[in-house]
Amino acid sequence: MESNYKNYQSMVTAVTTGINRLDGVCRHLSMDAQADDLNSIGERLENHIFSVGIMGEFKRGKSTVINAMLGSEIVPADIMPCSATLNYIKWDATKHARVRFKDGTTKDIPVEELSDYITKITEESERQAENVEDATVYYPCRFCQNGVQIIDTPGLNDDERMNAISESVIPTLDAIIMVTVPGSPFGISEAEFVRNKIMTSDLGRIIFVVNKIDTVDEDERDRIINHIKSKIKTSVLEKMKAVYGEDSEEYRGAMDKLAGIRIIGVSAKQALKGKLKDDQKLLEQSGFPAFEDLLSKLLTEERGLLELIHPVNQIMSTGRTSLETIENRLNALNMDAEEFKMVQKESISKIKETRKKKKEEIKALKAKGKTLYIDLLPRVDSAYEDVKNAVFDYVGSIPITEESCANQAALDAFSEKVNGDIQKQIEDSFSIATERLMNEVDTQLGKDVERLKSFGNEFNNIVQGIHLELNTASSSKGISSPLGSARDALIETGIMYGAVAILGDALPGVGGLISGWRDHGLKGALVGGVSGYGIGMLAATVAGAFLPVGLPLILITGIASTFGGKMVTNLIFGRKKKEQKTASEEDIRTTLFNSAEKCIDDLRSQQYLEKWLKEFCETSYQSVAENIDQEWENTLVTLEGSLSQIEADIKMNESNKKNVQDTMNDYVRIINEVMGEVQPVRDRLSSALNEN
């Protein structure tokens with residue numbers, strides 16, 4: 001496990017060192033925009049902390065799993081099953097806890113007092129917890145020292161407020177540990193969580209941990225694991241069938257991916273005891289080392305590599321642009337001033353015209369987000385009808401007996417069950433509807449970005465044309481390229497003009513995105529983007545997060561939870577008091593139909609889906625468009641700065657020109673060294689993409 005983190009950290013060090021060295025080169029070449037990007041990326045990479053969420057129903061042994069991961073009884077067992085807030089565990093040299101209140105204030109407290117602030121153990125602590133935003137336990141544990149924080153969440157089968165707290169943190173997690181137990185494997189709330197709260201493309205972030213496996217005979221353990229795995233597959237494939245159709249490539253792809261689903265049996269109790277007593281035999285028996293190795297590989301070899309893709313792409317893109325800028329300056333040193341003025345005037349005119357066309361292309365791409373929303377509105381109408389039909393089908397199948405409404409207690413139980421079941425039907429149906437819509441937006445956005453390739457080619461040709469004009473002018477005087485073998489070596493490794501193995505087509509801002517998307521879908525686009533940042537935004541808004549921004553499931557849950565259980569009670573007992581007559585089965589079912597219809601019509605009248613879809617379409621298109629625009633703009637600004645520097649260089653005396661040439665050659669050496677140091681990381685990223 002430790003070796004995985006060390007290998008990852010060594011790659012991070014190579015990349016951040018390269019970023020720092022390139023920053024100095026960029027500043028001297030007046031490439032301030034690229035330097036700022038590099039600094040921002042480097043800071044994010046250095047400060048990145050892997051977030052591991054612990055989720056599951058109550059009494060699954062979540063707190064014991066956490067303590068076993070930490071190797072110490074840091075979290076008292078009577079706190080976690082009653083958690084009413086999000087609780088973070090982070091590394092620090094001294095043990096203490098910090099409570100953050102909803103008014104923004106904080107309070108440092110002993111860990112032993114934490115239960116007074118974050119639990120529902122007593123009425124007083126529950127009232128206190130209502131004012132708490134979250135709590136953090138700091139502890140000098142080896143696990144968190146690797147740059148990992150653990151987030152404990154309220155149980156999945158708690159009330160709606162607790163569920164909302166759990167769901168709010170999901171998009172921020174690098175990994176989810178879903179804790180279940182053999183006696184109640186993959187319960188209803190866990191199945192609904194996977195089906196409704198997780199995008200089908202994101203199962204790769206989850207490790208299903210079957211805790212208390214030591215309570216099962218060894219001969220039965222494989223059967224239990226396979227049973228849980230089968231239930232997970234069934235739940236996911238039902239969702240895929242509903243969203244994409246059984247004959248779709250997505251459905252077939254899901255079947256292949258589910259073969260590699262991560263599920264492992266452990267005894268957290270044995271693991272904790274083994275670590276505390278330094279009993280390696282007991283620790284091995286617990287199955288925990290295998291789980292920890294699985295988690296470390298997920299964080300470092302998958303999530304960690306995704307964190308490195310953007311910085312590596314930016315280093316290569318910046319290195320390429322820096323070399324072109326250096327070559328322009330060196331080649332132009334021997335140009336006549338008048339000759340350069342002609343090239344400069346023509347180049348500035350081309351840059352101005354290109355910037356105008358760029359603005360039009362970006363504006364058109366953003367506008368397509370708005371028109372796509374309008375085009376998809378008929379799908380929204382169909383979604384409401386699909387939800388209504390699904391709920392009506394369920395209401396029609398509800399068994400209503402005399403025992404169901406024999407007395408107040410029986411009716412309350414019946415109403416509560418019906419209310420919960422119909423709420424689940426509404427959530428499930430809307431989850432399917434929103435994921436269908438997201439898939440359509442994702443597909444269309446990919447097509448619209450690919451249409452930019454035509455302008456991307458034109459943009460690239462103009463930039464390279466200006467570069468060639470400067471080279472041609474110097475070549476006519478018999479001056480060879482001063483970069484020599486260093487430049488040729490960089491071209492051979494793919495760095496100078498596109499780094500084809502990872503970046504795809506050599507089109508600033510869009511080429512790698514297009515080829516990556518075309519060859520490997522969204523994952524390839526993540527790797528393919530030259531700038532990377534725009535595609536990171538795409539991942540966050542299209543398919544890279546568990547819950548997309550604005551997905552109205554929590555809002556839908558809020559409305560669905562008001563569904564007419566009380567209406568049923570009032571119908572039966574209200575009538576009984578007035579007429580001394582119990583409502584018939586037909587009356588009850590009719591009331592359920594009317595209540596369900598009203599609930600869904602309320603959603604429709606408040607346009608929850610429409611509001612979400614409008615924001616989702618516009619935000620997705622705007623995010624991608626703005627970042628492609630920024631990449632293109634950086635290229636043009638760099639070219640303008642290069643022309644200004646060349647103008648000043650030409651006016652220098654021979655001695656100063658010699659100094660410029662020596663400085664530029666030093667920069668070429670630095671770039672060459674950085675590329676050589678980052679090359680192994682680039683190879684690892686390329687290999688990881690091809691493996692999957």
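Placed above this text is the structure.
This report concerns the structure included in the present document. (Residues numbered from 1 in each chain as written. Predicted model: local features only at pLDDT ≥ 70, side-chain atom pairs only at ≥ 80, totals over all residues. Heavy atoms only, no water.)

## Details of the nonpolar core
For clarity, the cut-off: Buried Ala, Val, Leu, Ile, Met, Phe, Trp, Tyr and Cys residues form a nonpolar core when they are joined through side-chain atoms within 4.5 Å. In this scheme, a residue with accessible area under 20% of its type's maximum is buried, one over 50% is exposed, and one in between is partly exposed, where area comes from a 1.4 Å probe on protein chains only. Contacts are assigned to residue pairs with any non-hydrogen atoms lying within 4.5 Å of each other.
Membership of the largest hydrophobic core comes to 81 residues, with the highest contact counts inside it found for M69, F288, F291, L295 and L308. Residues in contact with L308, not counting those within four places in the same chain, are Y8, M11, V12, V15, L45, V681 and L685. Core analysis: the next-biggest nonpolar cluster, separate from the first, contains 60 residues, V395, I400, F459 and W612 among them.

## Topic: the pairing of strand β6 (residues 148-152)
Strand residues, when the strand is regular, have side chains that alternate between the two faces of the sheet. For clarity, the threshold we go by: Helix and strand definitions here come from DSSP, where helices need a minimum of 4 consecutive H or I residues and strands a minimum of 2 consecutive E residues; each element is numbered from the N-terminal end. Strand pairing requires that DSSP identify at least two bridges connecting the strands.
Taken across its five residues, β6 has five buried, putting it largely inside the fold. Pairing of strand β1 (residues 50-55) with β6 involves five bridges; the strand directions are parallel. Across the sheet, G53 pairs through a bridge with I151, a residue of β6. One ladder, built from three bridges, connects strand β2 (residues 86-91) with β6; its direction is antiparallel. Within the sheet, the bridge partner assigned to Y88 lies in β6 and is I151.

## Considering helix α23 (residues 585-605)
What counts, and what does not: Helix span, as expected, comes to 1.5 Å for every residue beyond the first. In this description, the arc belongs to the directions extending from the helix axis to the C-beta atoms.
For α23, which comprises 21 residues, the first-to-last C-alpha distance of 30 Å matches the rise-based estimate of 30 Å (1.5 Å per residue) to within 8%. Along α23, the residues that are buried comprise I588, R589, T591, L592, S595, A596, C599, I600 and L603. Projected down its long axis, α23 carries its buried residues within an arc of 160°, all on one side. The outward face of α23, more than 90 degrees from its buried face, is lined by the exposed residues E586 and S605. Positive backbone phi, at 55°, marks Q607, one or two positions downstream of α23.

## A closer look at the packing of aromatic side chains
Operational definition: Within 6.5 Å between ring centres, the rings of Phe, Tyr and Trp (the latter by its six-membered ring) count as paired, and their orientation is classed by plane angle as stacked under 30 degrees, edge-to-face over 60, tilted in between.
Tallied over the entire structure, the rule returns eight aromatic pairs. Relative to F593, the ring of F392 has its centre 5.2 Å away and its plane inclined at 80°; by these criteria the two rings are edge-to-face. Of the two residues, F392 sits in helix α14 (residues 337-397) while F593 sits in helix α23, which places them 201 residues apart along the sequence. Given the relative accessible area of 24%, F392 is considered partly exposed.

## Thoughts on the pattern of salt bridges
Side chains carrying opposite charge are able to pair once their charged atoms draw close together. The condition that has to hold: Salt bridge criterion: a side-chain nitrogen from Lys or Arg within 4 Å of a carboxyl oxygen from Asp or Glu.
All chains considered together, the criterion is met by 34 salt bridges. Taking the shortest distance from any N to any O, the salt bridge between D152 and K62 comes out at 3.9 Å. Taken together, the residues span a long stretch of sequence, with D152 in strand β6 and K62 in helix α3 (residues 62-70) at a distance of 90 residues. You'll find D152 and K62 in the same group, each marked buried. Here K388 ties to E597 by a salt bridge, and the two come within 3.6 Å at their closest N and O atoms. Residue K388 is located in helix α14, and its partner E597 is located in helix α23; the two are separated by 209 residues in the primary sequence. Taking relative accessible area as the criterion, E597 reaches 29% and is therefore assigned partly exposed.

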